[in-house]
Amino acid sequence: MEQVIAYRYNITEVTSMEDFANIRGRLFNNSKDVYFVRLLGTNVKFENQLHWMDTTLSRQMQEGRLFYQRVHMLPALSVSEDILYYTQCYHRWQDHPNDGVCTKVSHGALAVQLGEACKQAAERYLEAKAAVTESMRKNFAVKMLYWFDFVCTGWRQWSADSCVKIAADNVTKEQEYLFYYLLTQIGCDVLLLQTKGDLTNNSLKHLSKEIRMGEFQPLDIPAYKPTDSADNRLSLHGSKDTTKAVLKETGNVVVKIPQRVRNKHAWSASNTADFSVQDQRQKSRQQVEKSFEELAALASSIVLILVHDPNGEVIATGSGIMVGKSGYILTNDHVVRGGASYSVRIENDDKVYQTDELIKYHSVLDLALLRIPRQLHPIPIYQGSKKLVRGQAVAAIGSPLGLFNSISDGIISGFRTIDGVDMIQFTAPISHGSSGGAVLNMYGEVIGISTAGFDRGQNINLAVGYESINLFIQGFRS
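Residues numbered from 1 in each chain as written. Predicted model: local features only at pLDDT ≥ 70, side-chain atom pairs only at ≥ 80, totals over all residues. Heavy atoms only, no water.

Draft legend 1. Geometry of the sheet that holds strand E1 (residues 6-9). Spatial ordering of the open sheet is given by E1-E3-E2, a layout of three strands whose pairing is mixed. The sheet is open, and its two edges are formed by E1 and strand E2 (27-28), each paired on a single side. With two bridges connecting them, E2 and strand E3 (residues 31-34) associate as antiparallel partners. Each residue of the ladder has a partner; that of Leu27, found in E3, is Lys32. (Pairing = 2+ DSSP bridges. Helix = DSSP H or I, 4+ residues; strand = E, 2+ residues; numbered from the N terminus.)

Pasting the structure below:
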């Protein structure tokens, strides 16, 4: 069982947004310092300080130094599918408490810590509210899990010493307040910007540090915008008309030096240990570039995915890559999003495999993992033995417009960082339905997964790189 971390609150004085942005909690002997602060009221410097904090922490997040989110409002849990999903998460936790709470975002050590955080928040809830029934307790926990995935989507990888900064606007309801207390119990620093008024339940105020900034005012705090919008449109190559996002060519889209190095913040010795034997074997043999005919033969490890709504109707198609022998298939999050079930077709196999096992997903990396009931032959993922360079030849395999396992050739034309995610820009033609397909080097290794292309440019396509893929599928290769 994973060891649960203990937390110490507000060890160092925080008196401003600048203090909150700059302070870092120390991890020592399985205990970590966290900060839970209510900033009361406002003054003439408030908006400038807020803009500085948002800008500073957003930039540090893009640099891979921390995760930052400012929440304007927590959503209501009202969609029946969401209620069912998080209720099932709750019951699995009750049946197997030592495994923690597994959600769309939490797995492994984070799930264990989230389970402990839910216990702590539930205890505070019972202390603050009289005559809490078992049904009320369950509903409270289900809502906490829903909010957790809402706020923490995009959090790449949890560890005991992760730096996570969460700010929230005008939190006055006790359940919302206890949710932010829950976040501190998984190591997040939380700042509540109370410009209009304070928490209504006085018995819970002791959980956070109170700092008076000025008088309460009817100030509408501007919503958090990590980056400004722009006109360059990037099309996510699924078959849905809605799969588009507006991105910015300067700011959140940054031209990078055309050589790749691993992100030192994302990788550790434990991350790379799984690959050491494979790297040694790879280095011990001389690689020979494959012909396009030989690359095309690898299409047997690329699949076609059909996405079904609750009535069984096909609402989208995409591609996927076999990455684990025990039925694990990697695709894009935007391909599977909104699906109730999935059909998977494999080349030279007449059977269509049905599944509703969405094992995990990551909306920022735009990656998702499905599992089907079949043994697979995974395609090798590049391990970074040699840096990728601009001009390097590549091949793309996918199912554009439903045309099963088409192959095209091109080159790496550049490297981009979009919303903090490293991507490979390549010229091999892809179309709607190619999302989730493989981008291969000439040795037949996956260097990226096709994700998107710019509507206004020919053969300007993007792929999530092998570094993110290797991190995402760690533990699912067998």
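Resuming the write-up.
Draft legend 2. Spatial organisation of the pairing of strand E5 (residues 67-71). The element E5 is extensively covered by neighbouring structure, given that four of its five residues are classed as buried. Where E5 and strand E6 (residues 164-169) come together, five bridges link them in parallel fashion. Note on E6: the bridge partner recorded for Val71 is Ala168. (Buried < 20%, exposed > 50% of the residue type's maximum accessible area, 1.4 Å probe, protein only.)

Draft legend 3. Seen up close, the pattern of salt bridges. In this structure the tally under the stated criterion is 14 salt bridges. In this structure, Arg8 and Asp33 form a salt bridge, with 2.8 Å as the shortest nitrogen-oxygen distance. Taken together, the residues span a long stretch of sequence, with Arg8 in strand E1 and Asp33 in strand E3 at a distance of 25 residues. When its relative accessible area of 36% is taken as the criterion, Arg8 is described as partly exposed. Ionic pairing is found between Glu174 and Lys129, a salt bridge with its closest N-O pair at 3.6 Å. Of this pair, Glu174 sits in helix H6 (residues 174-184) while Lys129 sits in the loop between helix H4 (108-128) and helix H5 (134-152), placing them 45 residues apart in sequence. Judged by relative accessible area, Glu174 falls into the buried class, the value being 17%. (Salt bridge = Lys/Arg side-chain N within 4 Å of Asp/Glu carboxyl O.)

Draft legend 4. Broad picture of the packing of H4 against H5. At a minimum axis distance of 10 Å, the contact between H4 and H5 shows a crossing angle of 135°. It follows that H4 is oblique to H5 by the angle criterion. Note on packing geometry: the crossing formed by H4 with H5 is right-handed. For the pair H4 and H5, the contacting residues are Leu110, Leu114, Cys118, Ala121, Ala122, Tyr125 and Leu126 in the first and Met136, Arg137, Phe140, Leu145 and Phe148 in the second. Grouping the amino acids of the contact of H4 with H5 by side-chain chemistry returns 11 nonpolar, no polar and one charged. (Axes fitted to C-alpha atoms, helices over the stretch in contact; angles between N-to-C directions. Parallel < 35°, antiparallel > 145°, perpendicular 65-115°, else oblique. Left-handed = near helix turned anticlockwise from the far one by under 90°. Contact = heavy atoms within 4.5 Å. Nonpolar A, V, L, I, M, F, W, Y, C, P; charged D, E, K, R; others polar.)

Draft legend 5. The arrangement of the nonpolar core in detail. By size, the foremost hydrophobic cluster in this structure holds 50 residues, and its most contacted members are Phe148, Ile166, Phe179, Tyr180, Leu183 and Ile186. Among the secondary structure elements, those contributing two or more residues to this core are E5, helix H3 (80-95), H4, H5, E6, H6 and strand E7 (189-194). The element best represented in this core is H5, accounting for 10 residues. With residues near it in sequence (within four places) discarded, Phe148 still touches Thr103, Val105, Ser106, Leu110, Leu114, Phe179, Leu183 and Ile186. (Core = buried A, V, L, I, M, F, W, Y, C linked by side-chain atoms within 4.5 Å.)

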